[in-house]
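A structural walkthrough
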Amino acid sequence: MLPYSQSSQGFTLVELMIVVTMLSIVLTIGAPSFSGFIQEGRVKSGSRAVAVAIQTARLKAINSNRRAYIDFAPGSLTPADSFYTIWLDIDNDLSFDAGEADSSGLAMPEVKSGIPGFALAKGVAFKSTGVTSGPDGLAIASDGVDFGGNDAVSFNGRGEASSAGVVYLTGENGSIYSVTVTSLGAVRSLRWEDNTWK
């Protein structure tokens, strides 16, 4: 039989408690910054999704040689509903009619007030609170969307926009992005940082 010897295999309870305490301190300090990272990702992703949707509407207009709209206040909705849709003006009456949203041929995952479209992520809204100047001299819209006084922009068969304009997206962390559209249909996304658009 071997004599009992104290070896250094394993951890003592005290060592384990020290490691657990240190981990809980690190996680407590890091959790708020991780939350901010998630919130920033949501508004950044929302601005990219809006930019892609605008470009998609433009391409739909060119491919179909019909006027295509991206509407941030379809039907009875307003920009405050954080919802938008893309539709082709099948009957050329320059207004949204039942069935025209489906005519775009896009898979739109959300439905609000019977209209298929896209919803912004939780904590992201169309608004421009905290902005002191619009990108490229564009207006600051209180409801977050302005295309020459309208909440929608359309593109003709050549891909030209009905009006230059801007969409503002604000996250619950206060981060603000803009998506601008020129009259020729060019789309650009910018972030409000240090009182300027970057």
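As the structure is a prediction and not an experimental result, all values here were calculated from the model. (Residues numbered from 1 in each chain as written. Predicted model: local features only at pLDDT ≥ 70, side-chain atom pairs only at ≥ 80, totals over all residues. Heavy atoms only, no water.)

Attention now goes to the nonpolar core. Of all hydrophobic cores here, the largest spans 31 residues; its most connected members are Val50, Ile70, Phe72, Tyr84, Phe126, Val167 and Leu169. Looking at this core, the elements with two or more residues in it are helix H1 (13–64), strand S1 (68–71), strand S2 (83–88), strand S5 (124–126), strand S7 (152–155), strand S8 (165–171) and strand S9 (176–181). Ranked by residue count, the leading element in this core is H1, at seven residues. Counting residues in hydrophobic clusters, the runner-up holds seven residues, among them Val131, Tyr168, Leu190 and Trp192. (Core = buried A, V, L, I, M, F, W, Y, C linked by side-chain atoms within 4.5 Å. Buried < 20%, exposed > 50% of the residue type's maximum accessible area, 1.4 Å probe, protein only. Helix = DSSP H or I, 4+ residues; strand = E, 2+ residues; numbered from the N terminus.)

So, on to the side chain of Asp71. Relative to the helices and strands, Asp71 resides in strand S1. The side chain of Asp71 sits in the buried core without any salt bridge; Arg67 is the nearest counter-charge, 13 Å away. Looking at Asp71, its side chain comes within polar contact range of the main-chain nitrogen of Ala73, at 3.0 Å. Excluding residues that lie within four positions of it along the chain, Asp71 makes contacts with Phe83, Tyr84, Thr85, Trp87, Asp151 and Ala152. (Lys, Arg positive; Asp, Glu negative; His and termini not counted. Salt bridge = Lys/Arg side-chain N within 4 Å of Asp/Glu carboxyl O. Polar contact = N/O pair within 3.5 Å; in protein donor to acceptor, adjacent residues only side chain to side chain. Contact = heavy atoms within 4.5 Å.)

A few words now on the packing of aromatic side chains. Two aromatic rings, taken as a pair, are described by how far apart their centres are and by the angle between their planes. By the definition in use, this model includes nine aromatic pairs. Ring-pair connections join several aromatic residues into one group, and the members of that group are Phe72, Tyr84, Phe118, Phe126 and Phe147. (Phe/Tyr/Trp six-rings, centres within 6.5 Å; stacked < 30°, edge-to-face > 60°.)

A large share of S8 lies buried, amounting to seven of its seven residues. The side-chain alternation of S8 yields two buried faces, one formed by Gly165, Val167, Leu169 and Gly171 and the other by Val166, Tyr168 and Thr170. Where S5 meets S8, three bridges bridge the pair, whose relative direction is antiparallel. Bridge pairing in S8 places Val124 opposite Gly171. Sheet topology places S8 next to S9; six bridges connect them, and they run antiparallel. Looking at the pairing, Val166 lines up with Thr180 of S9. The hairpin formed by S8 and S9 contains four residues between the paired strands, and Gly174 there has a positive phi angle of roughly 90 degrees. (Pairing = 2+ DSSP bridges.)

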